[in-house]
Amino acid sequence: MFDRRFFSSQLGQAALVSIAAMVAFTIFAGMLPTAGSETMLVGTPLVELA
């Protein structure tokens, strides 16, 4: 799809930095606790339906 000339250009290097930033963001976002995790639900009041 892309050859070495593209990645040696300024646009290609910017594309590589952008891809690396997206991968890093995805990894760090996966490490954050989500709202549905058990630790977040410990202090919340629960309502039980009969």
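Fair warning: this is a prediction, and the values are worked out from it, not measured in the lab.

### A look at the overall build of the chain
Along its length, the chain carries 3 helices and 0 strands. Listing each helix as α and each strand as β along the chain from the N terminus yields α-α-α. Buried positions account for 2% of the 50 residues belonging to the chain. As presented, the chain carries roughly 5,000 Å² of accessible surface, and 70% of it is formed by carbon and sulfur atoms.

### Observations concerning the pattern of salt bridges
Summed over all chains, the structure comprises 1 salt bridge. When the shortest N-O distance is used, the salt bridge between Arg5 and Asp3 registers 3.4 Å.

### What to know about the confidence of the model for the chain
Here the chain averages 77 in pLDDT, while 64% of its residues score no lower than 70. Per-element mean pLDDT across the chain ranges from 54 in helix H3 (residues 38-41) up to 91 in helix H2 (residues 10-31).

Parameters at a glance
Residues numbered from 1 in each chain as written. Predicted model: local features only at pLDDT ≥ 70, side-chain atom pairs only at ≥ 80, totals over all residues. Heavy atoms only, no water. Helix = DSSP H or I, 4+ residues; strand = E, 2+ residues; numbered from the N terminus. Buried < 20%, exposed > 50% of the residue type's maximum accessible area, 1.4 Å probe, protein only. Areas by Shrake-Rupley, 256 points an atom, 1.4 Å probe, with all protein chains shown as cover. Salt bridge = Lys/Arg side-chain N within 4 Å of Asp/Glu carboxyl O. pLDDT = per-residue confidence, 0-100.

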